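For reference, the chains in residue letters:
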Amino acid sequence: MPEYEFRDVYVPRGVSRNAAVRLLTDEAEYGYWELDRLRLHPDGSRRVRLRRRIIRQVRATW
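Here is a short report on the structure shown in this document. Computed from a predicted model, the values in this text were never measured in an experiment.

Here we look at the overall build of the protein
Scanning the protein for helices and strands turns up one helix and three strands. Start at the N end of the protein and walk to the C end: the helices and strands fall as β-α-β-β. The C-alpha atoms of the protein give 15 Å as radius of gyration, which overshoots the globular expectation for 62 residues (11 Å, by more than 25%). Dimensions of the protein along its principal axes, counting C-alpha atoms only, are 60 × 20 × 15 Å. Evaluated residue by residue, the protein yields a buried proportion of 16% over its 62 residues. Looking at the protein alone, contacts between residues at least 24 apart form 59% of all its contacts between residues at least 6 apart. Surface summary for the protein: the accessible area is close to 5,700 Å², and the carbon and sulfur share equals 49%.

Digging into the nonpolar core
Judged by nonpolar contacts, V9, V11, A20, W33, V48 and L50 together constitute the single largest core of six residues. Among the secondary structure elements, those contributing two or more residues to this core are β1 (3–11) and β3 (46–54). Aside from chain neighbours lying at most four places away, what touches V11 is A20, L23, S45, R46 and V48.

Thoughts on a nonpolar patch on the surface
Nonpolar side chains collect at one region of the surface, where L35, L38 and L40 lie side by side and expose about 300 Å² of accessible area between them. On the secondary structure map, L35 appears in strand β2 (residues 34–40).

Describing unusual backbone geometry
Positive phi outside glycine occurs at Y32, with the angle close to 60°. With respect to the helices and strands, Y32 occurs in the loop between α1 (17–31) and β2. Taking relative accessible area as the criterion, Y32 reaches 67% and is therefore assigned exposed.

Rules used throughout
Residues numbered from 1 in each chain as written. Predicted model: local features only at pLDDT ≥ 70, side-chain atom pairs only at ≥ 80, totals over all residues. Heavy atoms only, no water. Helix = DSSP H or I, 4+ residues; strand = E, 2+ residues; numbered from the N terminus. Rg over C-alpha atoms; globule rule 2.2 N^0.38 Å. Buried < 20%, exposed > 50% of the residue type's maximum accessible area, 1.4 Å probe, protein only. Contact = heavy atoms within 4.5 Å. Areas by Shrake-Rupley, 256 points an atom, 1.4 Å probe, with all protein chains shown as cover. Core = buried A, V, L, I, M, F, W, Y, C linked by side-chain atoms within 4.5 Å. Patch = residues over 30% accessible without salt bridge, like charges linked within 9 Å, V, L, I, M, F, W, Y side chains within 5 Å. Salt bridge = Lys/Arg side-chain N within 4 Å of Asp/Glu carboxyl O.

What follows is the structure, given as structure tokens:
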């Protein structure tokens, strides 16, 4: 089972949809994050949860 780390991002209601897409695209491209959950609140703000896989390195034994 893969392990993930999570990051919560709050996008206020004044931020346009294009700006929010640009922000999340940059996080995905440069930080290797992917969208886990997006919640749109009635006031127009968004709460976004991003995730990325944790890659554990196994120590080599000789």
